[in-house]
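Spelled out from the first residue to the last, the chains are:
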Amino acid sequence: MLNLTDVFSQMFSHAFMIRALLAGSAVALCASLLGVSLVLKRYSMIGDGLSHVVFGAMAIALALNLAPLRVAVPVVVLAAFFLLRISQNSRINGDAAIAMISSTSIAIGVIFMNFSSGMNADINSLMFGSVLAMTPGDVHLSLVLSIIVFLLFLAFYDQIFAITFDENFARATGVKVGFFNMLVALLTAITIVLGMRVMGTMLISSLIIFPALSSMRVFISFKSVIISSAILALVCFFLGLTASFIFGTSPGASVVVINAIAFLLFSVAGITLKR
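Residues numbered from 1 in each chain as written. Predicted model: local features only at pLDDT ≥ 70, side-chain atom pairs only at ≥ 80, totals over all residues. Heavy atoms only, no water.

**Notes on the packing of helix α2 (residues 15-40) against helix α11 (residues 206-216)**
Turning to step 1, where the next piece is worked out: Viewed as axis vectors pointing N to C, α2 and α11 meet at an angle of 65°, and their least axial separation amounts to 7 Å. It follows from the interaxial angle that α2 and α11 lie roughly perpendicular. Crossing geometry of α2 relative to α11 is assigned as right-handed. Judged by residue contacts, Val-27, Ala-28, Ala-31, Ser-32, Gly-35, Val-36, Leu-38, Val-39 and Leu-40 of α2 engage Leu-207, Ile-208, Ile-209, Pro-211, Ala-212, Leu-213 and Met-216 from α11. (Axes fitted to C-alpha atoms, helices over the stretch in contact; angles between N-to-C directions. Helix = DSSP H or I, 4+ residues; strand = E, 2+ residues; numbered from the N terminus. Parallel < 35°, antiparallel > 145°, perpendicular 65-115°, else oblique. Left-handed = near helix turned anticlockwise from the far one by under 90°. Contact = heavy atoms within 4.5 Å.)

Written out as structure tokens, the structure reads:
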């Protein structure tokens, strides 16, 4: 019989698990809030595209013995602006722009790894995440930036709501649509970078997509979906991290599986409520 008290006692006796819980929960919360807007705007794959940019930036940083997060944050922020600018002001649509930047970033990262020795473990952690990779400095930076993202989201909640549902109406009412689209892209870029250490390149976009999609199966209003997504993201991350500790699985993969289960449960609940 599994004793949860003993499991939690052992789990939180490890400093790296506490660091992963703190940083990961903060990132999951921010990702879930931004994810609702991105999913509704059909721009959710920006998370996947920017995660590949993070991979390239972190690979370069590791090859040059630089601090990965401090290199990745400005690079990914610039990529987010560039991506939004391309999709809005050229003949290249959003999906094509994301694919172009994603493949280029992955290629650059792989090339730098080819010229660096002893990076196999780093490659694995970049692709799939690793709680062992979280340093105290990473946690502090993650918490500070996550708080900034959260506060900015709350401060501009009305404007984000407006551009999510009808940009033309928002523009007509005086909302600076271009600025707030840039703000959402900026906040998403920061969140993606912060989540890379735990979730990895291949899995980070799930934190943006799953909580929003799950919540939309049950709730209708924007506010209720936001609240549900935030709570669900925190619960799923905690359960995923706990499962990874119990079964010795990858934290990022465990969190994704828990989110997938939650999506199925919410889908069933949504069908049941509509009857």
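**Focus: the state of the cysteines**
Turning to step 1, where the next piece is worked out: For the coordinates displayed, the defined rule picks out 0 disulfides.
Turning to step 2, where the next piece is worked out: Cysteine Cys-30 is unpaired, with the sulfur of Cys-236 as its nearest cysteine sulfur at 16 Å.
Turning to step 3, where the next piece is worked out: Cys-30 sits in the buried class, given a relative accessible area of 3%. (Disulfide = S-S within 2.5 Å. Buried < 20%, exposed > 50% of the residue type's maximum accessible area, 1.4 Å probe, protein only.)

**Remarks on the pattern of salt bridges**
Turning to step 1, where the next piece is worked out: Tallied over the entire structure, the rule returns 1 salt bridge.
Turning to step 2, where the next piece is worked out: Here Lys-41 and Glu-167 are joined by a salt bridge, their closest N and O atoms 2.7 Å apart. Of this pair, Lys-41 sits in the loop between α2 and α3 (46-63) while Glu-167 sits in helix α9 (residues 167-172), and the two are 126 residues apart along the sequence.
Turning to step 3, where the next piece is worked out: The exposure class of Glu-167 is partly exposed, given its relative accessible area of 28%. (Salt bridge = Lys/Arg side-chain N within 4 Å of Asp/Glu carboxyl O.)

**Some words on the confidence of the model for the protein chain**
Turning to step 1, where the next piece is worked out: Averaged over all residues, the pLDDT of the protein chain equals 85, while 91% of them reach at least 70.
Turning to step 2, where the next piece is worked out: Taken element by element, the protein chain is modelled with least confidence in helix α6 (residues 120-128), mean pLDDT 66, and with most confidence in helix α12 (residues 222-247), mean pLDDT 94. (pLDDT = per-residue confidence, 0-100.)

**Let's talk about the environment of Ala-243**
Turning to step 1, where the next piece is worked out: Within the fold, Ala-243 resides in helix α12.
Turning to step 2, where the next piece is worked out: In contact with Ala-243, other than residues within four places in its own chain, are Gly-248 and Thr-249.

**Things to note about the packing of aromatic side chains**
Turning to step 1, where the next piece is worked out: Inspection of every chain in the model, using the stated rule, returns 10 aromatic pairs.
Turning to step 2, where the next piece is worked out: An angle of 40° between the planes, with centres 5.6 Å apart, marks the rings of Phe-8 and Phe-238 as tilted. Here Phe-8 is found in helix α1 (residues 4-11), whereas its partner Phe-238 is found in helix α12, with 230 residues between them in sequence.
Turning to step 3, where the next piece is worked out: Looking at Phe-238, the relative accessible area reads 27%, which means it is partly exposed.
Turning to step 4, where the next piece is worked out: When the centroid spacing of 5.7 Å and the interplanar angle of 45° are considered together, the rings of Tyr-157 and Phe-222 count as tilted. Here Tyr-157 is found in helix α8 (residues 157-165), whereas its partner Phe-222 is found in helix α12, with 65 residues between them in sequence. (Phe/Tyr/Trp six-rings, centres within 6.5 Å; stacked < 30°, edge-to-face > 60°.)

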